[in-house]
Every structure is written in structure tokens, then in C-alpha cells.
Amino acid sequence: MSVNIEEAAEHPPVAAEIETSPFGRDRLLRTIFNLALLVVLLALPFVTKSFFVFQITMVMIYAIAILGLNLLTGFNGQFSLGHAAFYAIGAYTAAILMDQADVPYYWTLPVAGVICFVFGFLFGLPALRLEGIYLALATFALSVATPQILKLSPLEHWTGGVQGIVIMKPDAPWGLPLNQDQWLYFFTLAVTALMFWMARNLLRSRTGRAMMAIRDNPIASRSMGVNNSLYKATTFGVSALFTGVAGALGAIVVQFVAPDSFTVVLSIALLVGLVVGGVGWVPGAFFGGLFVLFVPNIAEQFSKGLSGAFYGLILMFLVFVMPSGVAGFLALIRQKLARR
């Protein structure tokens, strides 16, 4: 069999198609999707009502908090029902600094993150002796105790006691033609992008690989030289940092903090959002945030008196339809499309 070199040189696209498909096509589709999503996010506050802009802002805030929980539970294997406590610490840090020290709102975020990291790391040290349901019970106790601690008389000067703290919503800087809701939307969007970028880089680093190794096989990771205790406590701190930043953003956007806003119900809601979005999948935090914010409102539209029942039915339906969350559902769809 003879091969015409000139003819082959004139028709190189076949080899190029083999080389770039399907990965090249997937990368192109992902790029197009990301660009379209960016355009939608940038245009959204100008084409929708202020209340919907506020809701999407809260979705991003919940997404950051769920991402923090995902780092701990999905990528390190530690179960927590106490992240409402770290959310509350971050929220009160921002509120106290803005109300009593006149600190600019944007500086409260790193301060809240550092304080929550310290609290999370210190809580993670004694929690190293606990695993599974026992660790869940300890974090549950933290979530139950935090609202009561915030109501104590010795702290009332700082926390406002039962009445809480009211703060002012910031205006757009530099004379930008944006109202307060639009500016906080873009500010939250920038912080969300930064936090997710940090999480991705962390998971791709040596520290991230050590976190996942501990989750998969603690004995094997220890034999490979990983300091399990240090990494687990540090992961607890980093998880609390993410959730604390979310809490600070939530306080700025809502303009109000009170102890009863951070009960164990919030911890359970964040855990539900994690499961619905997909455990161990970073983008799943956005789907979890959508669920946490919108599904209770949808349940109330069916019946205000039976909103809890409808919420449970919706959650049961999603669990049966998507037992691995949105992440597993999208993976299943992709597999079926690839077979065609």
C-alpha cells in the first residue's frame, strides 16, 4: 500500500481532530460557558429588581460558607454541625468593628477571617480525639451554645445582647453610578471569586493533597510522613476562615446581626446545601447556596403553615433523584451524552 505524502500534507485536519477531541471540545465548551456566565453575572444587577439582586448576593455568601464546610467535610473527612458558630463570629466581628470602631467594611473581612481561623484551629485541636458522630455531636454543641454566649450580660456591651447590632449599608465608592444593593453585589462577587480561587489553589497544592489523603486513608497518609493532627486542625481553621468571611459579608449585606440568627438551623442548612451541591465538588457550593436560599421560600409558597413539610418533601425528592447531589447528576448526564 502506497501513501501519497503530498495528499496527506494537504489534509492534516483529521489528525488534529483526533488530537483535540474530545478534550479540546470540552475545553472550548467550558470556556464559552464561563464567558457566558460572566456576562450574565455582570449584567444581572442592571436588569433585575433590587430584591432579587439582594437574594443572589446572599446565594454567593452562602456558597462561600458551604465551600468552607466542603473543605472540612468533603475534602478532609471531618463532619461538622457547628459552622453556624463560625458564621456568627465572622458576622459579629464585622458588625462590632463597623459599629464601635468605625472600621471600613472591607477591612472587616480579613479580620473576621483571621479571628475565625484562630477559633477553628483551637477548636480543631481537642476535636482531634473525636471522629464521626462524636465529632458531629461536639460541633453541634458548639452551634447550640454560641447564640446563648452572645446573649450573656458581660458581652452585651459588644454584642448588643438579644437586640443585636444594626449597621449601615455602605455606598458605592469613587462616585460609581450604582445603588447600595448593586455595589454590594459586585463587591460580594469579587470576594466570592477570590475565595473560590484560593480554595482551588489550596486543593491543588501539597497541603490539599495531604488533606485528601487523610480523608481517604489516615493510616497510609501517616506512614507517608503526613502530620495528620496538624493538617486536620489547620483544615478546621481554614474552613472556619471561609465561613467567617461569609458571615462578615452576610452582616454587611443584611445590615443586622442578632444571636437568634445563628442557631443550629443555619448549621443544618449549610450541611444540606453541601449534600445537595455535591460533597467534594467545589462548584457545588453555588447550587447549595441556591437551595439554602430559595427552597424554603418555595416551600412557603405552597403553604405557610406546612412549609416545613413541603421543604422536607422537596429535599427527599432531590435526594432520591440525585443521591450524589448535583455533582453526581451532572456526571451521569455527561456519561450518557458521551456514549452517544
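As the structure is a computational prediction, the values presented were derived from the model and not from experiment.

About the thresholds
- Residues numbered from 1 in each chain as written.
- Predicted model: local features only at pLDDT ≥ 70, side-chain atom pairs only at ≥ 80, totals over all residues.
- Heavy atoms only, no water.
- Helix = DSSP H or I, 4+ residues; strand = E, 2+ residues; numbered from the N terminus.
- Buried < 20%, exposed > 50% of the residue type's maximum accessible area, 1.4 Å probe, protein only.
- Contact = heavy atoms within 4.5 Å.
- Expected span 1.5 Å × (residues − 1).
- Polar contact = N/O pair within 3.5 Å; in protein donor to acceptor, adjacent residues only side chain to side chain.
- Patch = residues over 30% accessible without salt bridge, like charges linked within 9 Å, V, L, I, M, F, W, Y side chains within 5 Å.
- Areas by Shrake-Rupley, 256 points an atom, 1.4 Å probe, with all protein chains shown as cover.
- Salt bridge = Lys/Arg side-chain N within 4 Å of Asp/Glu carboxyl O.
- Core = buried A, V, L, I, M, F, W, Y, C linked by side-chain atoms within 4.5 Å.
- Phe/Tyr/Trp six-rings, centres within 6.5 Å; stacked < 30°, edge-to-face > 60°.

Engineer: In this structure, what is going on with the side chain of Ser221? I would like to understand it.
Structural biologist: Inspection of the secondary structure assignment puts Ser221 in helix H11 (residues 218-223). By relative accessible area, which is 4% here, Ser221 ends up buried. Beyond its immediate stretch of four places on either side in the chain, Ser221 contacts Ala213, Ile214, Val226 and Asn228.

Engineer: Sorry, what's going on with helix H9 (residues 180-204) here?
Structural biologist: In an α-helix there are 3.6 residues to a turn, and that puts residues three or four apart on one side. Here H9 is 25 residues long and its end C-alpha atoms lie 36 Å apart, about the 36 Å a rise of 1.5 Å per residue gives. One side-chain oxygen of the residue at the start of H9 lies 3.2 Å from the amide nitrogen of Asp181, identifying that residue as Asn179.

Engineer: Whenever I open this one, a nonpolar patch on the surface confuses me. Can you help?
Structural biologist: Together, Phe286, Phe287, Leu290, Leu313, Met316, Phe317, Phe320, Val321, Phe329, Leu330, Ile333 and Leu337 make up an exposed nonpolar region whose accessible area comes to about 1100 Å². Of all the secondary structure elements, the ones that give two or more residues to the nonpolar patch are helix H14 (284-302), helix H15 (307-321) and helix H16 (325-339). Counting residues per element, the nonpolar patch draws most heavily on H15, at five residues. The residue Leu313 is located in helix H15 in this model.

Engineer: Help me understand the nonpolar core in this model?
Structural biologist: For soluble globular proteins, nonpolar side chains are generally found buried alongside one another. Within the largest apolar cluster, 69 residues are counted, with the highest numbers of intra-cluster contacts made by Tyr62, Tyr87, Tyr185, Val191, Val257 and Phe262. Where this core is concerned, the elements lending two or more residues are helix H4 (50-73), helix H5 (83-100), helix H6 (105-124), helix H7 (133-150), H9, helix H12 (228-254), helix H13 (264-277) and H14. Counting residues per element, this core draws most heavily on H4, which supplies 14 residues. The residues contacting Tyr62, other than those within four sequence positions of it, are Tyr87, Leu266, Leu270, Gly289, Val292 and Leu293.

Engineer: Any chance you could explain the side chain of Asn228 here in plain terms?
Structural biologist: On the secondary structure map, Asn228 appears in helix H12. Polar contacts involving the side chain of Asn228 include one to the main-chain carbonyl oxygen of Pro218, which spans 3.0 Å. For Asn228, the residues in contact, after removing those within four places along its chain, are Ile214, Pro218, Ser221 and Arg222.

Engineer: How do you make sense of the pattern of salt bridges when you look at a structure like this?
Structural biologist: Side chains bearing opposite charge may pair, as long as their charged atoms lie close to each other. Taken as a whole and assessed by the stated rule, the structure comprises three salt bridges. As a salt-bridge pair, Lys151 and Asp260 come within 2.9 Å of each other at their nearest N and O atoms. Here Lys151 is found in the loop between H7 and helix H8 (156-159), whereas its partner Asp260 is found in the loop between strand E2 (256-257) and H13, with 109 residues between them in sequence. Look at Lys151 and you get partly exposed, because its relative accessible area is 25%. Its salt-bridge partner being Lys169, residue Asp181 comes within 2.9 Å of it at the nearest N-O pair. Of this pair, Asp181 sits in helix H9 while Lys169 is found in the loop between strand E1 (165-166) and H9, placing the two residues twelve residues apart along the sequence.

Engineer: Explain the packing of aromatic side chains here, please?
Structural biologist: In this description, an aromatic ring pair is defined by two values, namely the gap between the centres and the angle between the planes. Inspection of every chain in the model, using the stated rule, returns 17 aromatic pairs. With 5.8 Å between their ring centres and 40° between their planes, Phe46 and Phe186 make a pair best called tilted. Taken together, the positions of Phe46 in helix H3 (residues 23-47) and Phe186 in helix H9 put the pair 140 residues apart, joining distant regions of the chain. Classification of Phe186 as buried rests on a relative accessible area of 18%. Three or more aromatic residues joined by ring pairs form one cluster here, namely Tyr105, Tyr106, Trp107, Trp174, Trp183 and Phe187.

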